[in-house]
Amino acid sequence: MPASPSFTTRPQLAGTFGMVASTHWLASAAGLAVLEKGGNAFDAAVAAGFVLQVVEPHLNGPGGEVPVIGFDAARGEVFVLDGQGPAPAAATLAAFGALGLDLVPGTGLLAACVPAAFGTWMLLLQRHGTMRLGEVLEYAIGYARAGYPMLAATSAAIEAVAPTFRQYWPTSAEIYLQGGGPAPGSRFANYVLADAYARILAAAQAAGSDRDAQIEAARRAFYEGFVAEAIADYLHRAEVMDVTGRPQRGLLGGGDLAAWRPSAEPPVSFGYRGLTVCKTGPWGQGPVFLQQLALLDGFDLAAMGPGSADFIHTLTECAKLAFADREAWYGDPRGTDIPMAELLSPQYSEQRRQLVGPGASGDLIPGSPGGAEPRLPGYALAGYALPGSALAGSGGRLASGGGGAGEPLAGSQVRAASQMLAGLSAPELGPGDTCHLDVADRFGNVVSATPSGGWLQSSPVIPGLGFCLGTRAQMFSLTPGLASTLAPGRRPRTTLSPSLALRDGAPYLAFGTPGGDQQDQWSLAFFLNHVHFGMNLQEAIDAPAFHTDHFPSSFYPRASAPRSLAVESRVGEPVIAELRRRGHEVDVRPPWSLGRVSAVARSDGFLYAGANARGMQGYAVGR
């Protein structure tokens, strides 16, 4: 994995001790500090993950979630920690029907699932780490109490939702609007969050000297103790304005938190060009990465050249097919049968590959794995032409989920609801983004994690805790009978998608990015640039990025933009012109604006890392 002879925004790091790459320099530094103290990659990931909760509160928080994928060298195995909390027991189709809703709102309390991030970090630390909780949590407590430099992006997010905080969410105003709100670069502290972390740590240390007992005591403090009590008490009495334009009560209760445990499971994997790529199960969108690989395996990508019109067009058209299958077939396999083996089979992929033509498709065409008939919720059908020939080519007849359920709010309704929320526009009250981290250590361990949810703009801060709950339930469908249909105890089909690739059974590459529906597009282009064109990690990260929003968004109000193609301007005018000639609705973005991929790798006795200059906050460290 040689250094680049040409300019890159950052050096590709190389060493033998340890590497940490993340979306914030302070998290990366905390992770390396843990490695320097003798911790392993999993200890470092936990420390970095808690720091991200503090320093990127507009992107994740303790009330969110964190899918994790790793390779444990001592056990010689790849593992996935699901890191996604389920819907509450009270979250039924009937409950939302009684409220007159056909979509789960993207803000407020109704969309809260069980907060999974804390429990998942505890499971990673207990099962795969070596350090005590205090040794990995001290960095987050320190930044929360002593302060950290406020990111410009966080400051802008706070400013955008400040009217809502003042008028509707006073508990958030108490944390984020002291003195009018933090300016970019100012020192900001969240003392309430620091106290909550410290109280959890005190409960852990009171359990005695045994490391596992301390970690379990911390978990109980969160899910059965004072944290759960504070959440349940607030939700019992609060009615909170959300994007529907009405105050709504939450459905999450203390019993939901007490009943939940994080779990481990094997990955879904696919072999590609000598590598075994591992992803989460279909409760996340991770397998869509593998479906794209299965489709692309039949094309000569190397002959197309990196960043060419042929390359971008082919990836975009394959993404449309894979994400259409995501809409029809993905969901929590604990609650429904997911035809994963058929979706990744050579026969199915060859059939689907025939649908990739010379022009940009305007259709949403899920396939028929094993002959099963695809069904979609109503919102997924809006805006598409669905010609019979295209449906026949997909291997089955497309059927709507039926009778209006799932249909999005009309544009005028969205605007009216937004105006009721202190005049803010819908995007300003829409989804936050996400974080990512990757760690490799000298012991042979590698881990990749994508923390998200519990954004400061998602719902009000819980009094006494300093953080808010997530809104991941907005990714459920309210159409009955689908793989992604809301049900108590079911996990929403999350967008969070860390990645791990093996070579000859050993960990080779861990990578990922924030970005919602774009995660498995930006990270795919990175992966292919490395595998097919020999780019090192930093070259592949720096390469011009692109994505499509052709398929339904996972976020409220579940809109889609058929034929859309966003490209960084650095792809060049000839490529842009050719893509437009092929029928893509090209949206030319600023030169360094799409994606925040980071990565670590192991190869030939060295460790490597790369991080993203986009956003001006991601960083890789190591030696």
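Worth saying up front: this structure is predicted, and the values here are computed from it rather than measured. (Residues numbered from 1 in each chain as written. Predicted model: local features only at pLDDT ≥ 70, side-chain atom pairs only at ≥ 80, totals over all residues. Heavy atoms only, no water.)

## Details of the overall build of the chain
Regarding its fold elements, the chain presents 22 helices and 23 strands. The C-alpha radius of gyration computed for the chain amounts to 23 Å, which stays within 12% of the reference 25 Å derived for 623 residues, consistent with globular compactness. For the chain, the spread of C-alpha atoms along the three principal axes comes to 65 × 60 × 45 Å. When burial is assessed residue by residue, the chain has 65% of its 623 residues classed as buried. In the chain, once contacts between residues fewer than 6 apart in sequence are set aside, the share between residues at least 24 apart is 74%. A total accessible area of about 19800 Å² is found for the chain, and carbon and sulfur atoms account for 54% of it. Side-chain charges of the chain comprise 43 positive and 52 negative groups, with the mean position of each set lying 2 Å from the other. (Helix = DSSP H or I, 4+ residues; strand = E, 2+ residues; numbered from the N terminus. Rg over C-alpha atoms; globule rule 2.2 N^0.38 Å. Buried < 20%, exposed > 50% of the residue type's maximum accessible area, 1.4 Å probe, protein only. Contact = heavy atoms within 4.5 Å. Areas by Shrake-Rupley, 256 points an atom, 1.4 Å probe, with all protein chains shown as cover. Lys, Arg positive; Asp, Glu negative; His and termini not counted. Charge placed at Lys NZ, Arg CZ, Asp CG, Glu CD.)

## What about the pattern of salt bridges?
Should their charged atoms come close, side chains of opposite charge can pair. This structure, assessed with the given rule, holds 31 salt bridges. As a salt-bridge pair, Glu224 and Arg261 come within 3.6 Å of each other at their nearest N and O atoms. Taken as a pair, Glu224 in the loop between α9 (211–223) and α10 (226–237) and Arg261 in the loop between α11 (254–259) and β9 (264–265) lie far apart in primary sequence, 37 residues in all. Exposure remark for Arg261: the relative accessible area of 43% places this residue in the partly exposed category. One salt-bridge network, in which partners are shared between bridges, spans Asp82, Glu265, Asp332, Arg334 and Arg491. (Salt bridge = Lys/Arg side-chain N within 4 Å of Asp/Glu carboxyl O.)

## Details of the sheet that holds strand β2 (residues 18–22)
Strand order in the open sheet formed by 7 strands is β9-β4-β3-β15-β14-β2-β23, and the pairing between neighbours is antiparallel. Among the strands making up the open sheet, the edge pair consists of β9 and β23 (619–622). Strand contacts of helix α1 (residues 25–36): β2, β14 (437–441) and β23, with the helix running at about 160° to β2, the strand carrying the most contacts. Sheet contacts for helix α2 (residues 41–55): β3 (68–72), β4 (77–81), β14 and β15 (446–449); angle to β14, the most-contacted strand, approximately 155°. (Pairing = 2+ DSSP bridges. Axes fitted to C-alpha atoms, helices over the stretch in contact; angles between N-to-C directions.)

## A word on the sheet that holds strand β21 (residues 598–603)
Spatially, β1-β22-β21-β17-β16-β11-β10 is the arrangement adopted by the 7 strands of the open sheet, whose pairing is antiparallel. A single partner strand is all that each edge strand has here, and the edge strands are β1 (13–15) and β10 (268–272). Sheet twist, expressed as the mean angle between neighbouring strand axes with direction ignored, is 20°. Across 5 bridges, the pairing between β21 and strand β22 (residues 606–610) is antiparallel. Looking at the pairing, Val600 lines up with Ala609 of β22. Its contacts with the sheet place helix α12 (residues 287–296) against β10, β11 (275–279) and β17 (506–512), and it is angled at close to 25° to β10.

## Describing the nonpolar core
In terms of nonpolar packing, the biggest core is built from 92 residues, with Phe50, Trp121, Leu124, Leu133, Ile231, Val439 and Leu465 touching the most fellow members. Looking at which element gives the most residues to this core, the answer is α2, with 12 residues. Beyond its immediate sequence surroundings of up to four residues, Ile231 is in contact with Leu252, Leu257, Ile462, Leu465 and Leu469. Formed by 74 residues, the second largest nonpolar core is a distinct cluster that contains Met304, Tyr508, Ile541 and Leu565. (Core = buried A, V, L, I, M, F, W, Y, C linked by side-chain atoms within 4.5 Å.)

## Quick look at helix α16 (residues 346–353)
Those residues of α16 that fall on the buried side of the exposure criterion are Tyr348, Ser349, Arg352 and Arg353. Looking straight down α16, one finds its buried side chains confined to an arc of 135°; they lie on one side. Away from its buried face, by an angle of more than 90 degrees, α16 presents the exposed residues Pro346 and Gln347. Tucked inside the fold, the buried residues of α16 contact α12, α14 (309–329) and α15 (340–343). (Arc of directions from axis to C-beta.)

## Considerations on the pairing of β3
Side chains on a regular strand alternate between the two faces of the sheet. Burial within β3 is extensive, with 5 of its 5 residues counted as buried. Here β3 shows two buried faces, one formed by Val68, Gly70 and Asp72 and the other by Ile69 and Phe71. Relative to β4, β3 is paired through 5 bridges, and the arrangement is antiparallel. For Ile69, the partnering residue across the bridge sits in β4 and is Val80. The antiparallel pairing of β3 with β4 creates a hairpin that spans 4 residues between the two strands, and Gly76 there sits at a positive phi of about 65°. Inspection of the sheet shows β3 paired to β15 by 4 bridges, in the antiparallel sense. Looking across to β15, one finds that Val68 is bridged to Ala449.

## Focus: the environment of Ala322
Note on placement: Ala322 falls in helix α14. Overall, the relative accessible area of 0% leaves Ala322 in the buried class. Along the sequence, Ala322 and Phe555 sit 233 residues apart, while their C-alpha atoms lie 18 Å from each other. Beyond its immediate sequence surroundings of up to four residues, Ala322 is in contact with Val288, Gln291, Gln292 and Leu295.

## Observations regarding the state of the cysteines
Counted by the stated rule, this structure contains 0 disulfides. With no disulfide partner, Cys113 has as its closest neighbouring cysteine sulfur the one in Cys468, 14 Å distant. Among the residues examined, Cys113 registers a relative accessible area of 5% and is labelled buried. (Disulfide = S-S within 2.5 Å.)

## Things to note about the confidence of the model for the chain
Of the residues in the chain, 92% reach a pLDDT of 70 or more, and the chain-wide mean stands at 92. Counting interchain partners and residues more than four positions distant, the pLDDT-below-50 stretch residues 387–431 has 90 contacts. (pLDDT = per-residue confidence, 0-100.)

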